[in-house]
Amino acid sequence: MKLTFGILAHVDAGKTTFSEQILYKEHIIRTLGRVDAKNSCMDHDDIEKARGITIFSDMASFSHGDHTYYLIDTPGHMDFSAEMERVLEVMDYAVLIINGTDGIQGHTETIWNLLDHYKIPVFLFVNKLDIPSASYERTLTEVRERFSEDVLDFSSICLENGKEATFTEDLINNASEWDESLLDQWLEGTLTFDSFKPALISQIKNRCIIPCFGGSALSGEGIDQFLHAFYCLTETLYQEDAPFKGKAFKIRYDDQKERMTYIKVLSGKLRVREPLSEGEKIHQIRVFQGERFHTVSEAFAGDVVAVTGIRSSKAGQGLGECHEGAVLTHQPALQAKVIYPPEIPDRTVLQAFSILEEEDPALSVAWEDALRQLKVNIMGKIQLEVLEQTVLRRFHIPVSFDQPEVVYKETVAEPVTGYGHFEPLRHYAEAALQIEPGARGEGISFDSRCHVDRLGINYQNLVRTHVFETIHKGVLTGSELTDVKIILIDGLSHIKHTEGGDFRQAVYRAIRQGLMKAKSLLLEPYYSFSISVPDSLTGRVLNDIAKYYGRAETPVQAGNRKTIITGLAPVASFMNYGEELMALSGGKGSISLSFSHYDVCHNEDETIARYQYDPDGDTANPSCSVFCQKGTSFVVNWDEAEEYMHTLS
C-alpha cells in the first residue's frame, strides 16, 4: 500500500513538531528537530528558519511494514493557505492538529471546511496537553459542537483483540451503520477487533467516523498510540496496471534553478526519459526527504515525486489521463504594487516574479504596460514580507511594496447577450454570447446552445478556449469578471477567411459588449473572523464589527473570562482591525482572519468613484466590433454594433 497524508493546523499548534516525531520514530531523522531551534527536517528554508513558521509545503517518505507513506507538512499561517490548499487534492488522509490550550482557532475552522470540501478523511490530535492550561475534554467538546458529532474519542480505545471492552457505545453505533450485525455481536459479547476493523476503516474513509487522540508532540506523549491507530485504520488502493494519471500540485525551482514539478501518481507509472507532455521528457524522478532527495528510474501509482525536464506544467494541472484542473476555494483578497530601483530593468523584475507565479499561481502577477507598474495578489502582509526576502535572496533584487489594496471582482445581476464581430480584410468571425449570473464562488463556466449547422464544432471549441484563456475585465472598475455562465448561442465563420485568432477577437468583444449593456455588480472579499476578548470588552467589539460593516454570530463564553466572537466582515474595512483590537484590549485579545468568499460590495458607489475607470478608454479591452464593406474595414461602437451583426440579420 502507498498512502499520502498531510499534517495541518493553525499556526503554532505544533504541526511541524508532530511531523518531526513521526519521522524520528520511523528512523528517518536521528534527532528530533525543533522549530525554535531552527533545525527541523521539514522547515529547512532559511526564511522558514528565521521566522519560525512553515511557509512552503514539504514532504518526506518512509516505510512502515510493507507499506510506503508520504508525509506532507503544510503551512499553518493564513497568508500561505493557497500553498496548503494545493496539496489537499493529493492527500489520502489528513491529520488535523488542534492546540489543546487555545482550542479551535480561526484558521482551524478554515482547514476543517477545506477538508470537508475535498472529502478527505481526517484524524484529529489535540496537542500541547503537557501545558497546565490545556484540556483534552474541553477541546473535544468544542470540536464536536462546532465541527461534527462524528468526532469520537479514541484516546482510551485499544485496537487489539482481547481489548474490545474499551470500545465505546458511540463507536459501536457509528460503525454499525456500515454493518448492522456488528451491534448484535457487541450485545452478544462475540465482537472481535478483527471483525470490527473493516467497518472502522470504511467509516473513517467515508468521514463517518473521525478519530480523536491527544498528547504532546514536544514530549512524544500520545504519538505511539496515534500512529498505531493510524497505521491500523487506513487503507488505499491504486492501480499500477492502468493508463497513467497524475496530478501536478506544486512547482519549485531548486538552488541550481532546476524546475521541479511535484506529482502524485494516481494510476499507472512514470519513467525517466518518458514524454509527459508534447515535446518534453522527464530527466529525473526525485523522492524527497525534507531538503534531501534520491533519484529513481520509475514511479508507480500512489507515489509522490518531483520530476525535472518539464517546463509546461502548472500547479493544479491534471496529467496523462487526468483532465481535471484545480480551482482553489481560497483566493488572495489583497493586491500590492511592487517597488524596485529604477536602474533595474522592468523585464528583469517581471521574469523573477513570473518564476514566483509558477510556484504560486495565486500571486496572479500583472504588468500594466501603460503605467509601467507591476502588481501581485497576496493573502496578507506576512506574505509580502516573505516575498520581499525571497526576491532578494533568490534573484538579488531589492523590492518593497505599496500599501496593499483590496482585490475587487465584478459580475452581472441579470442575463444579457453580447455580440462581437471581427472582420478586417481577409478575416471573419462573429459570436453571440449570453452572460448569466452564476453562483457565488463558482467563477466562469461555459456552455454551448449553438447548432453545429450554424458554427462547426471546431470553432465552438475555440470559443470555449477563448472564454477561459484570459481574465476578462468588468466595466465598473476594470476588475476581474467572475461568477457568470457564458453560453454560446450563435456564431458564424467564413469558409475562406476565418483564421485561428479571429474568434479570440470576436469572443473578447462579445463579452465586453454584453458587459457594457449589463447591470453589473461589484464584488468584494469577506473575511471569516474569530475574535477572543475579555468578557468586559464584548459589547465594544460587537459595536466595532457593526461599524466596519461586519456581521457577528452570537458570542460564546469560552471560560477563563473570555468570549469568542465569530462572523464575517469586508476585507476593505476589517483588514487592520487586529491592530485596533490589540490596543483596545492591551494585548489580551486575539483575532484570526481567513478569506471566506466574495459578495456584493458594501460601498459600491464610493469604490467605483474612487477607481475612476473608463471602460471606453480601455483600448486593451475593446467593446467595439470590426466590420468590412467593399474591401474596407471600419469600426462600430458597442452601442451601435448590433445593427450590423450578421447573426441578427
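One can find the structure itself at the top, above this paragraph.
Residues numbered from 1 in each chain as written. Predicted model: local features only at pLDDT ≥ 70, side-chain atom pairs only at ≥ 80, totals over all residues. Heavy atoms only, no water.

**Some words on the overall build of the protein**
To keep it simple, the criterion reads: Each helix corresponds to a stretch of at least 4 residues labelled H or I by DSSP, and each strand to a stretch of at least 2 residues labelled E; elements are numbered beginning at the N terminus. For each residue, the accessible area found with a 1.4 Å probe, counting protein chains only, is set against the maximum for its type, and the residue is called buried under 20%, exposed over 50%, and partly exposed in between. Accessible surface area values rest on a Shrake-Rupley calculation with a 1.4 Å probe, where residue burial reflects the displayed protein chains alone. As used throughout, the charge tally considers Lys and Arg to be positive and Asp and Glu to be negative, leaving His and the chain termini uncounted. By convention, the point assigned to a charge is CZ for Arg, NZ for Lys, CD for Glu and CG for Asp.
Within the protein one finds 17 helices and 35 strands. Here the protein holds 649 residues, and 53% of them are scored as buried. Accessible surface computed for the protein: about 29000 Å², of which carbon and sulfur atoms make up 47%. A distance of 5 Å separates the average location of the 62 positive side-chain charges in the protein from that of its 95 negative side-chain charges.

**Overview of the layout of surface pockets**
Keep this limit in mind: Detection works on a 1 Å grid of protein atoms alone, calling trapped sets that fit a 1.4 Å probe cavities and calling open sets with protein on both sides within 12 Å along at least five of seven lines pockets, with lining residues defined by an atom within 4 Å of a point. Grid points are joined across faces, edges and corners, and a volume is the space filled by probe spheres set on the points.
Estimated volume of the second largest pocket: approximately 1400 Å³. Along the walls of the second largest pocket sit 48 residues, with H10, S530, S590, I591 and S592 positioned nearest its centre.

**Quick notes on the packing of helix α10 (residues 346–359) against helix α11 (residues 381–395)**
How we decide: Angles run from 0 to 180 degrees between N-to-C directions of axes, and those axes are lines fitted to C-alpha atoms, restricted for helices to the stretch in contact. The crossing is said to be left-handed when, going from far helix to near helix, the turn is anticlockwise and less than a right angle, and right-handed when the turn is clockwise. Throughout, a contact is declared for two residues whenever any of their heavy atoms are within 4.5 Å. Side-chain classes are defined by residue name, with Ala, Val, Leu, Ile, Met, Phe, Trp, Tyr, Cys and Pro counting as nonpolar, Asp, Glu, Lys and Arg as charged, and the others, Gly among them, as polar.
Axis separation between α10 and α11 bottoms out at 11 Å; the angle between their running directions is 115°. Here α10 runs over α11; the crossing is right-handed. Contact residues: α10 offers A352, F353, I355, L356 and E359, while α11 offers L387, T390, V391, R394 and F395. Its residues assigned to classes, the contact of α10 with α11 comprises seven nonpolar, one polar and two charged.

**Observations concerning the sheet that holds strand β17 (residues 318–320)**
Sheets are built from strands paired through backbone hydrogen bonds, the pairs being either parallel or antiparallel. Worth spelling out the cut-off: A strand pair is defined by DSSP finding two or more bridges across the two strands.
An order of β14-β13-β16-β9-β8-β17 is seen for the six strands of this open sheet, with the pairing classed as antiparallel. Strand pairing shows two members of the sheet lacking a second neighbour, β14 (292–296) and β17, which therefore form its edges. Sheet twist, expressed as the mean angle between neighbouring strand axes with direction ignored, is 40°. In this structure, strand β13 (residues 284–289) lies alongside strand β16 (residues 304–308), joined through three bridges in antiparallel fashion. Looking across to β16, one finds that I285 is bridged to V307.

**Quick word on the nonpolar core**
The tendency in soluble globular proteins is for nonpolar side chains to be buried as a group. Using the following cut-off: Here, the term nonpolar core denotes a set of buried Ala, Val, Leu, Ile, Met, Phe, Trp, Tyr and Cys residues that are joined through side-chain atoms within 4.5 Å.
Core analysis: the biggest nonpolar cluster contains 46 residues, and F353, V376, F401, I531 and F574 have the highest contact counts within it. Looking at this core element by element, the count peaks at six residues for strand β29 (residues 520–534). Among the nonpolar cores identified, the runner-up in size contains 45 residues, and A9, F62, I172 and L200 belong to it.

**Considering the pairing of β29**
Most of β29 is tucked away, with 14 of its 15 residues classed as buried. Note that strand β23 (residues 409–412) and β29 share four bridges and pair antiparallel. Across the sheet, the residue bridging to E410 is L522, located in β29. Note: β29 against strand β33 (residues 590–600), ten bridges, orientation antiparallel. What sits directly across from S530, in β33, is S592. Taken together, the nine bridges between β29 and strand β32 (residues 562–570) define a ladder with antiparallel strand orientation. Opposite P534, over in β32, you have K562 as the bridge partner.

**As for empty space enclosed by the protein**
Counted under the stated rule, the structure contains three cavities of 30 Å³ or more. Looking at the largest cavity, its volume works out to about 290 Å³. Looking at the largest cavity, it is lined by 21 residues, and the ones nearest its centre are F56, E83, D360, Q383 and L387. Sorting the residues of the lining of the largest cavity by element identifies α3 (81–86), β8 (245–253), α10 and α11 as the ones contributing at least two each. When residues of the lining of the largest cavity are assigned to their parent elements, the largest contribution, five residues, is made by α11.

**A few points about the packing of aromatic side chains**
The following threshold applies: Pairing of aromatic rings covers Phe, Tyr and Trp, the last counted by its six-membered ring, and requires centre-to-centre distances within 6.5 Å; plane angles under 30 degrees mean stacked, over 60 mean edge-to-face, and any other angle means tilted.
Within this structure, the stated rule accounts for 32 aromatic pairs. Between F125 and F226 the ring centres are 6.0 Å apart and the planes differ by 80°, which places this aromatic pair in the edge-to-face class. Of this pair, F125 sits in strand β5 (residues 122–127) while F226 sits in helix α9 (residues 223–232), and the two are 101 residues apart along the sequence. Of the residues examined, F125 reaches a relative accessible area of 0% and is grouped as buried. Judged by its relative accessible area of 0%, F226 is buried. Seen in terms of ring centroids, F595 and Y598 are 5.8 Å apart; in terms of plane orientation they differ by 55°. Their pairing is tilted.

**Quick look at α11**
Short version of the rule: The length a helix should cover is 1.5 Å for every residue beyond the first. Regarding the arc, it is the one traced by the directions from the helix axis to the C-beta atoms.
The terminal C-alpha atoms of α11 lie 21 Å apart, and with 15 residues this matches the ideal 21 Å at 1.5 Å per residue to within 8%. For α11, the complete set of buried residues consists of Q383, L384, V386, L387, T390 and V391. Buried residues of α11, viewed axially, fall in a sector of 160°; they line one side. Of the residues flanking the end of α11, it is H396, one or two places downstream, whose phi is positive at about 60°.

**Things to note about the sheet that holds β5**
Pairing is mixed across the open sheet formed by seven strands, whose spatial order is β2-β3-β1-β4-β5-β7-β6. Of all the strands in the sheet, the pair left with one neighbour each is β2 (58–64) and β6 (151–153). Going from strand to strand, the sheet's axes swing by 25° on average, the running direction of each strand aside. Across six bridges, the pairing between strand β1 (residues 2–9) and strand β3 (residues 67–73) is parallel. Bridged to G6 within β3 is I72. The sheet strands contacting helix α5 (residues 136–146) are β4 (93–99), β5, β6 and β7 (210–214), and the helix crosses β6 at an angle near 160°.

**What to know about the pattern of salt bridges**
Threshold: Any Lys or Arg side-chain nitrogen found within 4 Å of a carboxyl oxygen on Asp or Glu counts as a salt bridge.
In total, this model carries 27 salt bridges according to the counting rule given. Note that R86 and E83 form a salt bridge whose closest N and O atoms lie 3.0 Å from each other. Linking R86 with E83, this pair stays in helix α3, spanning three residues, or about one helical turn. Accessibility classification places R86 together with E83 in one group, the buried group. Two residues, R454 and D490, come together in a salt bridge whose shortest N-O distance is 3.0 Å. Within this pair, whereas R454 is found in the loop between β26 (444–448) and α12 (457–468), its partner D490 is found in strand β28 (residues 484–492), the two being separated by 36 residues in sequence. For D490, a relative accessible area of 13% translates into the label buried. A single network of salt bridges, built from pairs that share partners, joins E83, R86, K250 and D360.

**Focus: the environment of E221**
Considering the arrangement of structural elements, one finds E221 in the loop between β7 and α9. In sequence terms E221 and E291 are 70 residues apart; their C-alpha atoms lie 27 Å from each other. Apart from residues no more than four positions distant in its own chain, E221 is found in contact with F125, G214, G215 and S216.

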